[in-house]
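# Structural features, examined
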Amino acid sequence: MYGWRTRNPIVWAANAKICEKVTPSLLGDAQDQALQAACVEMCSALYPGKSLEVPSMIMRGAYGHIKHQRQAYHGTASRVDAAMSRIIPDSADALFSVGVARI
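Read on for a plain summary of the structure. Everything quoted here is computed from the prediction, not taken from an experiment.

The rules behind each value
- Residues numbered from 1 in each chain as written.
- Predicted model: local features only at pLDDT ≥ 70, side-chain atom pairs only at ≥ 80, totals over all residues.
- Heavy atoms only, no water.
- Core = buried A, V, L, I, M, F, W, Y, C linked by side-chain atoms within 4.5 Å.
- Buried < 20%, exposed > 50% of the residue type's maximum accessible area, 1.4 Å probe, protein only.
- Helix = DSSP H or I, 4+ residues; strand = E, 2+ residues; numbered from the N terminus.
- Contact = heavy atoms within 4.5 Å.
- Salt bridge = Lys/Arg side-chain N within 4 Å of Asp/Glu carboxyl O.

## Remarks on the nonpolar core
Formed by 13 residues in total, the largest nonpolar core has its most connected members in Trp-4, Trp-12, Leu-26, Val-80, Met-84 and Leu-95. When residues of this core are traced back to their parent elements, those giving at least two are α1 (9-17), β2 (19-23) and α3 (76-87). If we ignore the near neighbours within four places in the chain, the residues touching Leu-26 are Trp-12, Val-80, Ala-83, Met-84, Ile-87 and Leu-95. Within the second largest apolar cluster, 12 residues are counted, among which are Cys-43, Leu-52, Ala-94 and Val-98.

## Considering the side chain of Asp-93
Looking at the secondary structure, you find Asp-93 in the loop between α3 and β4 (94-101). Sequence-distant contacts of Asp-93, defined by excluding residues within four places in its chain, comprise Arg-7, Ile-58, Met-59, Arg-60, Gly-61, Ala-62, Tyr-63 and Ile-88.

## Let's talk about the pattern of salt bridges
The tally for this structure, following the rule as stated, stands at 3 salt bridges. In this structure, Arg-60 and Glu-53 form a salt bridge, with 2.7 Å as the shortest nitrogen-oxygen distance. A residue is classified by how much of its surface remains accessible, and Glu-53, at 31% relative accessible area, is partly exposed. Put simply, Glu-53, Arg-60 and Asp-93 are held in one network by salt bridges that share partners.

Shown next as structure tokens:
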């Protein structure tokens, strides 16, 4: 298992690319219940006391101290950016994702 927290579409797309499957899926794939459970477990271990909204895997206020600078993205990152803009419009929020890394 491989996990990461971000709101940057390029970071999310790059990490998802090295995984066979990932949750939350921002590209329309079916959600995997086992990965969702792993996501909750990993997030609580790495960020004790920080809540995670399930099944969207949103961490509210994770980046309250910084401001995300919007920019133009291309390719997969563009699709990920569109999904992130819908799911987490507040730049202080982040997605916590878990994937099964390719070996």
